[in-house]
Every structure is written in structure tokens, then in C-alpha cells.
Amino acid sequence: MKLYFTNEHSFPINLKQFLQHENGVSAKLITRLKRQNMGITCEGKLIRTIDDVLPGSTVVLDIVDENNIPPNAELCVPVVYEDESVVVFDKPQGMPVHPSINHYNDTLGNFFSYRYPGVTFRPINRLDRNTSGLCVAAKNQHAAFKLQRSVSKVYFAVVCGVPEKKSGVIDAPIRRKEESLITRCVAPDGQRAVTRYDVLSSCDKYSYIKVNLETGRTHQIRVHFSYIGTPLAGDDLYGGSCEDAAGQALHCGEISFSDLQSGRLIHIKAEPGENFRKIFEKYDFH
């Protein structure tokens, strides 16, 4: 994949400054391309980071990707947005994002490899296997660098019971449990974690909530709502009832980020899936 950057100023700019400060190219990518044959060129000729980019000249980055994730043409994941730099999937519940020992060929990464042969899979927001919803993946290293920490996410969940407050902030530090590689807990010596929520509707047994994260700790939503006594439906790891849900009822339903070319704000929504619908159909939320 090639990326093109034109010096639209009326004066020359040092290449390193032009790429890093003018166009947000990471130092890591610049270093990698310097070692690659004709990785960085200007008007068809090799250019060094100490050279200047003249007014009107175009710098070309030739990004060669590698992808070791095996493709799986039998998978099908909805694509809700796509441009030359990024793709947004609506990941179903039960599908892991990355391959592992137990999930080698049934992941979002396997579907990405099938859809984009030879392109490295770079998910920007990583969802748990049983968390459904919007998952952003960059199509190249530059896009991944630009999107990192700039994607805004809104989650929706069904929790057991009704939170004491209709809207609130859970500010409680989280760390890994000492006896577990997976489970997290609230503890004074953990990393600060802040979750904001609003109760959208409720019934006698559950509440439907909207969640915004100020921090991004592992299992943060699941741990925080278990901590205040309203664990997620289906989340047996953190004490949630599995009577009406298989796997935590958690969905990434809104994503916002700036278009890498124009800078315009892109806002995408996706409705929760079958795990939520079964609960809504069974109980009277109001």
C-alpha cells in the first residue's frame, strides 16, 4: 500500500518534520521504511530524512505488510464502514478478535485475512469474545498510529438488578487477581478506572444501560458493575445470572473517529444482537 503526502506550503520542509509533525507519521514507521528498499521516495527518487521536501513535491511511503493469520472464507462478519485506511466490523458475540490455541480459525482476524490478503490485522479497539459490536481495524501502520487512542466508544449492557443511581460514575481502581491470569478485581493498589453510565430502561430483574469509559482497563465494565452489585447478565465470571443470556450482555454500539484524509467526524452505530433481543422480548422494560 502506498501513502501520498504533498507539501502544500510555499517553502521547503525537512522530510522528518514533514512526515511526523505535518502528517502524523510515527517515528517507528519512518525508521522501518528507511531500512526498506525505496521505502520513502519523492518524485520517484529516494529521499533521506535529512533532505527537504520542496513546495508542491509529493512524498510516497511504500508500506509492505505481512500477515500470518490464516484466512477463512467461510466466516461472515458485517462491514458497517470502510475507506482506504480503516474498516469497521460489527463483530458477533462469541467470535474472538485474535486467534489463539483454542480459536485458531474462527476469529475476526481470520475473516480480515480473507477479505484483505497480505494486509496486517491491526484492531484498534479489542473486544472480548462474548462482547459484540463495533470493532475498528486499521489497514496500515500509519492509520493504526493515527487512530490509536482517538477512537471514542459507547457501550450498552444489560445488568442484573437496578443500580442505586439512574446516572453515575464508578471510580474504582482495577488490578488482576493474584491467583488468576484472567480475572480482574477492584483493589486499592490497582490502576485507576472510571466508568460513566446512564440507566436507559429497566424491569424487575434487569436494567439496560449506556456506558462511557474514561479509562480502558481489561474487563472494566464487567468488573465495575459487579463491584456495585449489578453484574452483567450472562457474565458468570463476575457473578451475573446466566438464566437469560449466554455470555455477558455487553455491546459496543457507537464509534466515533476523525477521517484520516478530511478530518471530518465519522460516527457509526450498530444495534445490539440476539443476546439482547431475547431479554427484551421476555421482559417488560420501561
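Shown above is the structure to which this text applies.
For clarity, every value in this text was computed on a predicted model and none was experimentally measured.

S.K.: So what about the overall build of the protein? Which residues, and what values?
M.R.: Within the protein one finds 6 helices and 18 strands. The C-alpha extent of the protein, read off along each of the three principal axes, is 70 × 40 × 40 Å. Considering the protein as a whole, with its 286 residues, one finds that 51% of them fall into the buried category. If you sum the accessible surface of the protein, you get close to 14800 Å²; carbon and sulfur atoms cover 48% of it. Of the side-chain charges in the protein, 34 are positive and 33 negative, and the distance between the mean point of each set is 5 Å.

S.K.: Could you give me a rundown of a nonpolar patch on the surface, with the residues and numbers involved?
M.R.: Side chains of Leu181, Ile182 and Leu237 sit close together on the surface and give an oily, nonpolar patch of about 330 Å² of accessible area. Tracing the sequence through the fold places Leu237 in the loop between helix H5 (220-227) and strand E17 (250-258).

S.K.: Would you mind going over the layout of surface pockets in detail, with residue names and values included?
M.R.: Estimated volume of the largest pocket: approximately 1300 Å³. Looking at the largest pocket, it is lined by 39 residues, and the ones nearest its centre are Arg126, Leu127, Asp128, Thr218 and His219. Those elements that provide at least two residues to the lining of the largest pocket are strand E11 (152-160) and H5. Here the lining of the largest pocket gets 3 residues from one element, more than from any other, and that element is H5. If you add up the space inside the second largest pocket, you get close to 310 Å³.

S.K.: An account of the environment of Gln20 is needed here, citing residue identities and associated values.
M.R.: With respect to the element layout, Gln20 can be found in helix H1 (residues 15-23). Judged by relative accessible area, which is 25%, Gln20 ranks as partly exposed. Between the C-alpha atom of Gln20 and that of Glu82, which follows or precedes it by 62 residues, the distance is 25 Å. Excluding residues that lie within four positions of it along the chain, Gln20 makes contacts with Val25, Ala27 and Ile30.

S.K.: Please give an account of the state of the cysteines that cites residues and values.
M.R.: Under the defined criterion, the tally for this structure stands at 0 disulfides. Cys160 supplies the cysteine sulfur nearest to Cys203, a cysteine that is in no disulfide, at a spacing of 10.0 Å.

S.K.: Go over the packing of aromatic side chains with me, naming the residues and quoting the values.
M.R.: Counted according to the given criterion, the structure contains 13 aromatic pairs. Arranged with centres 6.3 Å apart and planes meeting at 75°, the rings of Tyr208 and Phe276 form a pair that is edge-to-face. A residue pair is termed long-range when its members are at least 10 positions apart, and Tyr208 in strand E16 (residues 206-213) and Phe276 in helix H6 (residues 274-282) qualify at 68 residues. Here the two residues Tyr208 and Phe276 agree in accessibility, since each one is buried.

S.K.: Describe the sheet that holds strand E3 (residues 40-42), with residues and values.
M.R.: One open sheet holds the 4 strands; their spatial order is E1-E6-E3-E4, and the pairing between them is antiparallel. Only two strands of the sheet have a single neighbouring strand rather than two, namely strand E1 (2-6) and strand E4 (45-46). Note: E3 against E4, 2 bridges, orientation antiparallel. When the sheet's bridge partners are listed, Thr41 is paired in E4 with Leu46.

S.K.: Run through H5, naming residues and quoting values.
M.R.: With 6 of 8 residues buried, H5 lies mostly within the body of the structure. Those residues of H5 that sit buried are Gln220, Ile221, Arg222, Val223, His224 and Phe225.

S.K.: Lay out the pattern of salt bridges with the relevant residues and their values.
M.R.: Think of it this way: side chains of opposite charge can pair up when their charged atoms draw near. With the rule as written, the count across this model stands at 13 salt bridges. When the shortest N-O distance is used, the salt bridge between Asp51 and Arg48 registers 3.0 Å. Taking the shortest distance from any N to any O, the salt bridge between Arg222 and Asp235 comes out at 2.8 Å. Linking Arg222 in helix H5 with Asp235 in the loop between H5 and E17, this pair joins segments that are 13 residues apart in sequence. Salt bridges linked by common partners bring Lys205, Glu243, Asp244 and Lys282 together as one network.

About the criteria used
Residues numbered from 1 in each chain as written. Predicted model: local features only at pLDDT ≥ 70, side-chain atom pairs only at ≥ 80, totals over all residues. Heavy atoms only, no water. Helix = DSSP H or I, 4+ residues; strand = E, 2+ residues; numbered from the N terminus. Buried < 20%, exposed > 50% of the residue type's maximum accessible area, 1.4 Å probe, protein only. Areas by Shrake-Rupley, 256 points an atom, 1.4 Å probe, with all protein chains shown as cover. Lys, Arg positive; Asp, Glu negative; His and termini not counted. Charge placed at Lys NZ, Arg CZ, Asp CG, Glu CD. Patch = residues over 30% accessible without salt bridge, like charges linked within 9 Å, V, L, I, M, F, W, Y side chains within 5 Å. Salt bridge = Lys/Arg side-chain N within 4 Å of Asp/Glu carboxyl O. 1 Å grid on protein atoms, 1.4 Å probe; cavity = no way out; pocket = protein on both sides within 12 Å on 5 of 7 lines; lining within 4 Å. Points joined across faces, edges and corners; volume = space filled by probe spheres on them. Contact = heavy atoms within 4.5 Å. Disulfide = S-S within 2.5 Å. Phe/Tyr/Trp six-rings, centres within 6.5 Å; stacked < 30°, edge-to-face > 60°. Pairing = 2+ DSSP bridges.

So far we have only geometry, and geometry alone does not tell us how the molecule works.
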